[in-house]
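Residue strings, one per chain:
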Amino acid sequence: MSSTPGKFIRPLVQQLHPYVPGEQPKISGLIKLNTNENPYPPSARVLEAIKAATDARLRLYPNPTSQLLREKLAAFHKVAPENIFVSNGSDEALALAVRVFVEPVETATNPSRGTVQYFTPSYSLYPVLAEIHGARQNPVPLAEEFQLPTVKELRNGGGWDFDAALTLVTTPNAPTGTGYEVEALATLCKAQRGIVLLDEAYVDFARQNALELATRYSNVLVARTFSKAYSLCFLRVGYCVGHPDLIQALDKIRDSYNVNGLGQVAALTTLSDLKYYRTNFKRIISTRHHVTQELRGLGFEVFPSETNFILVRPPLAPAKEWLLQLREKKLLVRWFGHSGMEDYLRITIGSEEEMEIFLDRTKSILKGFQQAT
Ligand SMILES: *Cc1c(COP(=O)(O)O)cnc(C)c1O
């Protein structure tokens, strides 16, 4: 037997740069503003439904196609169940889309067929999914102030591929928070000759959504999740809306029981209790406005956000120094120490109380920096 089993691992996997999720530390009293989780719990009815389903039936397999949830989502979005694919978090839908639509570089008949395309910065999982699949990555920078480039701008250079097998667009964008106009997205979808997946993980905090594009264009998929807006990160439920042929293809290659039963129950009940969640969206949006104004008053550059987080450039000290000082004061935010994002922090919008504490402690850190200069 060999004592170096690492040699059995495929070179692609040996060299892989895996996705780095935000930390989930167990520090008491920590205010966690680093992974865009919802500060408010699932509704009482959803918690009851999960508890009621937690009995001897846990020994049974869940419905393999999440059929009831599919039907309820179809009614909610005024589409057919055949237009819906339910996934183990929307991350699974993204991973399956790469496998369904993109050829690994070695078997691609031309480079575009083997290309996963996305804007930078956007969701940092996309390059990892491409790498895992052995696909070509085509990252293209966003326009000034993280705006969506127009099709004309994309045609005028910068390496955009209108034939890319799969284009992934985070909308509204993460980690910038930028909202994109539906008609701008429509123009882009129409110009693409491959699949466009609109990743709407944060859309409930935005002014517009692009769901209609999933039925207007047969090359468009819209991905949604129960994680962020519906407080169900723990249970992993997401879904995709699109043309039945695309949905069927995703369905073909998923795990037999890809969505856990408690997740199906929780998501189904969530859709019967939307009023509770809509109230929370409004609270988070109003807290976001308040925090944005306060931070601007303190000298932070704050990008306009249509999500449940804000991207900021802090004053007087490097973002990394701010990260450390906030952490000392039990405030955890996200810093991306790479790809041109070194000067920024991403701050999840917590509850009103959490954000008041955040603002207080931020002011005291700022004072320290002012005295040091
Ligand atoms: C959080 C997130 C997802 C994934 O959410 P799931 O928990 O897997 O449903 C997808 N896209 C973006 C942009 C996200 O921020």
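The coordinates are above.
What this report covers is the structure whose coordinates are included nearby. (Residues numbered from 1 in each chain as written. Predicted model: local features only at pLDDT ≥ 70, side-chain atom pairs only at ≥ 80, totals over all residues. Heavy atoms only, no water.)

Per the secondary structure count, the protein includes 13 helices and 12 strands. What you see for the protein is a C-alpha radius of gyration of 21 Å, in line with the 21 Å of a compact globule of 373 residues. Dimensions of the protein, computed from C-alpha atoms along their principal axes, come out at roughly 60 × 60 × 55 Å. Out of the 373 residues in the protein, the part that is buried amounts to 52%. (Helix = DSSP H or I, 4+ residues; strand = E, 2+ residues; numbered from the N terminus. Rg over C-alpha atoms; globule rule 2.2 N^0.38 Å. Buried < 20%, exposed > 50% of the residue type's maximum accessible area, 1.4 Å probe, protein only.)

Most of strand S10 (residues 309-313) is tucked away: four of the five residues are buried. Strand direction decides the pairing type here: strand S9 (residues 301-302) and S10, joined by two bridges, are antiparallel. Paired with Glu301 across the strands is Arg313, a residue of S10. Taking the residues that link successive antiparallel strands as the turn, the S9-S10 hairpin has six residues. (Pairing = 2+ DSSP bridges.)

Now for the environment of Phe119. Within the secondary structure, Phe119 sits in strand S3 (residues 115-120). Classification of Phe119 by relative accessible area gives buried; the value is 2%. In this structure the C-alpha to C-alpha distance between Phe119 and Ser43, which are 76 residues apart in sequence, comes to 35 Å. The residues touching Phe119, leaving out its near neighbours within four places in the chain, are Val140, Pro141, Leu142, Leu148, Pro149, Leu154, Trp160, Leu168, Val169 and Leu188. (Contact = heavy atoms within 4.5 Å.)

With that settled, consider the packing of helix H2 (residues 44-53) against helix H10 (residues 261-270). Interhelical geometry of H2 versus H10 gives an angle of 150 degrees and a closest axis separation of 9 Å. One element, H2, and the other, H10, form an angle in the roughly antiparallel class. H2 and H10 meet at a crossing whose hand is right-handed. Here Arg45, Val46, Ala49, Ile50 and Ala53 of H2 come into contact with H10, specifically with Leu262, Val265, Ala266, Thr269 and Thr270. (Axes fitted to C-alpha atoms, helices over the stretch in contact; angles between N-to-C directions. Parallel < 35°, antiparallel > 145°, perpendicular 65-115°, else oblique. Left-handed = near helix turned anticlockwise from the far one by under 90°.)

On to the sheet that holds strand S6 (residues 195-199). Reading across from one edge, S2-S8-S7-S6-S5-S3-S4 is the order of the seven strands in this open sheet, with mixed pairing throughout. Two strands in the sheet have a free side with no partner beyond their single neighbour: strand S2 (84-87) and strand S4 (136-141). With strand direction ignored, the average angle separating the axes of adjacent strands in the sheet is 20 degrees. As paired elements, S3 and S4 share six bridges and run parallel to each other. Looking across to S4, one finds that Thr120 is bridged to Pro141. Set on the sheet, helix H7 (residues 182-191) makes contact with S3, strand S5 (166-170), S6 and strand S7 (220-225); between it and S6 the angle comes to about 155 degrees. Set on the sheet, helix H9 (residues 244-253) makes contact with S2, S6, S7 and strand S8 (238-241); between it and S2 the angle comes to about 30 degrees.

Each aromatic ring pair is specified by the distance between its two centres and by the angle formed by the two planes. Within the structure shown, the criterion is met by 17 aromatic pairs. With a centroid separation of 5.0 Å and an interplanar angle of 80 degrees, the aromatic rings of Tyr202 and Phe309 are classed as edge-to-face. Residue Tyr202 is located in the loop between S6 and helix H8 (213-216), and its partner Phe309 is located in strand S10; the two are separated by 107 residues in the primary sequence. Judged on exposure class, the residue Tyr202 and its partner Phe309 are both buried. Arranged with centres 4.9 Å apart and planes meeting at 85 degrees, the rings of Tyr276 and Tyr277 form a pair that is edge-to-face. Classification of Tyr277 by relative accessible area gives buried; the value is 1%. Connected via pairs of aromatic rings, a cluster forms that spans Phe205, Phe226, Tyr230, Tyr239, Tyr276, Tyr277 and Phe281. Taking NZ or CZ as reference, Arg155 lies 4.5 Å from the ring centre of Phe162, over its face. The side chain of Arg346 reaches across the aromatic face of Phe309, ending 5.5 Å from its centre. (Phe/Tyr/Trp six-rings, centres within 6.5 Å; stacked < 30°, edge-to-face > 60°. Lys NZ or Arg CZ within 6 Å of the ring centre and 35° of its normal.)

Right, let's talk about the pairing of S2 for a bit. Residues Ile84 and Val86 line one face of S2 and the alternating positions Phe85 and Ser87 line the opposite face, and both faces are buried. The pairing of S2 with S8 spans four bridges and is antiparallel. Considered in S8, the bridge of Ile84 is made with Val241.

Remember, this is a structural readout, not a statement about activity or role.
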